[in-house]
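Residues per chain, in single letters:
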Amino acid sequence: MTDPHDAERPREPLGLAELQHRLAEFAAARNWQPYHTPKNLAAALSVEASELLEIFQWSTPEESARVMDDPDTAHRVRDEVADVLAYLLQFCEVLGVDPLTALAAKIDRNERRFPTEEPFRHSP
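These figures come from a predicted structure and were not determined experimentally.

K.L.:
Can you walk me through the overall build of the protein chain in this structure?
P.N.:
Along the backbone of the protein chain there are five helices and zero strands. For the protein chain, the N- to C-terminal ordering of α and β elements is α-α-α-α-α. For the protein chain, buried positions account for 16% of its 124 residues. Put simply, of all contacts in the protein chain between residues at least 6 apart along the chain, 67% involve residues at least 24 apart.

Structure, rendered in structure tokens:
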């Protein structure tokens, strides 16, 4: 069965910089910049992450693994993921944080903080 929401999806994904630019233009066209403070964007990000979590509330692990099987629920998941990412990208834009650089640095720190122990390494 095809997803009835397919027409809403862009045909080619944009890069992070292009998405941030589109979000900034969208906000500017509506004069929303005064409201896009770090505090407000962090709060909005938290709310949207909670709305994503709400989709899974009371689900068993097995049910949560199959959430994308239902087209309507899959659409809700994609919408909430988009909202979370939009607010995160706007937050990063306002504070001048490069999210990809921040993530790479965090992975590097975590690899040093949580080294793989030799006895537990498995070959592919």
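Continuing now.
K.L.:
I tried to follow the side chain of Gln-90 on my own but got confused; where do I start?
P.N.:
Relative to the helices and strands, Gln-90 resides in helix α4 (residues 71-95). You can call Gln-90 buried: its relative accessible area is 12%. Setting aside anything within four residues of it in sequence, one finds Gln-90 in contact with Leu-23, His-36 and Leu-41.

K.L.:
Sorry, what's going on with the packing of aromatic side chains here?
P.N.:
The description of two aromatic rings rests on the distance between their centres and on the angle between their planes. With the rule as written, the count across this model stands at one aromatic pair. With a centroid separation of 5.4 Å and an interplanar angle of 75 degrees, the aromatic rings of Phe-26 and Trp-32 are classed as edge-to-face. For Phe-26, a relative accessible area of 40% translates into the label partly exposed. Lying over the aromatic face of Phe-26, Arg-30 brings its terminal NZ or CZ to 3.5 Å of the ring centre.

K.L.:
Would you take a moment to explain the environment of Leu-88 for this structure?
P.N.:
Tracing the backbone through its elements, the reader meets Leu-88 in helix α4. The exposure class assigned to Leu-88 is partly exposed, which follows from its relative accessible area of 33%.

K.L.:
Mind showing me how you'd approach helix α2 (residues 38-56) here?
P.N.:
Between its first and last C-alpha atoms α2 spans 28 Å; for 19 residues at 1.5 Å apiece the expected length is 27 Å, and the two agree. Every buried residue of α2 is listed here: Leu-41, Ala-44, Glu-48 and Ile-55. For α2, the buried positions fall inside an angular range of 60 degrees around the axis, keeping them on one side. For α2, exposure combined with an orientation more than 90 degrees from the buried face picks out Lys-39 and Leu-53. Tucked inside the fold, the buried residues of α2 contact α4.

Cut-off values and rules
Residues numbered from 1 in each chain as written. Predicted model: local features only at pLDDT ≥ 70, side-chain atom pairs only at ≥ 80, totals over all residues. Heavy atoms only, no water. Helix = DSSP H or I, 4+ residues; strand = E, 2+ residues; numbered from the N terminus. Buried < 20%, exposed > 50% of the residue type's maximum accessible area, 1.4 Å probe, protein only. Contact = heavy atoms within 4.5 Å. Phe/Tyr/Trp six-rings, centres within 6.5 Å; stacked < 30°, edge-to-face > 60°. Lys NZ or Arg CZ within 6 Å of the ring centre and 35° of its normal. Expected span 1.5 Å × (residues − 1). Arc of directions from axis to C-beta.

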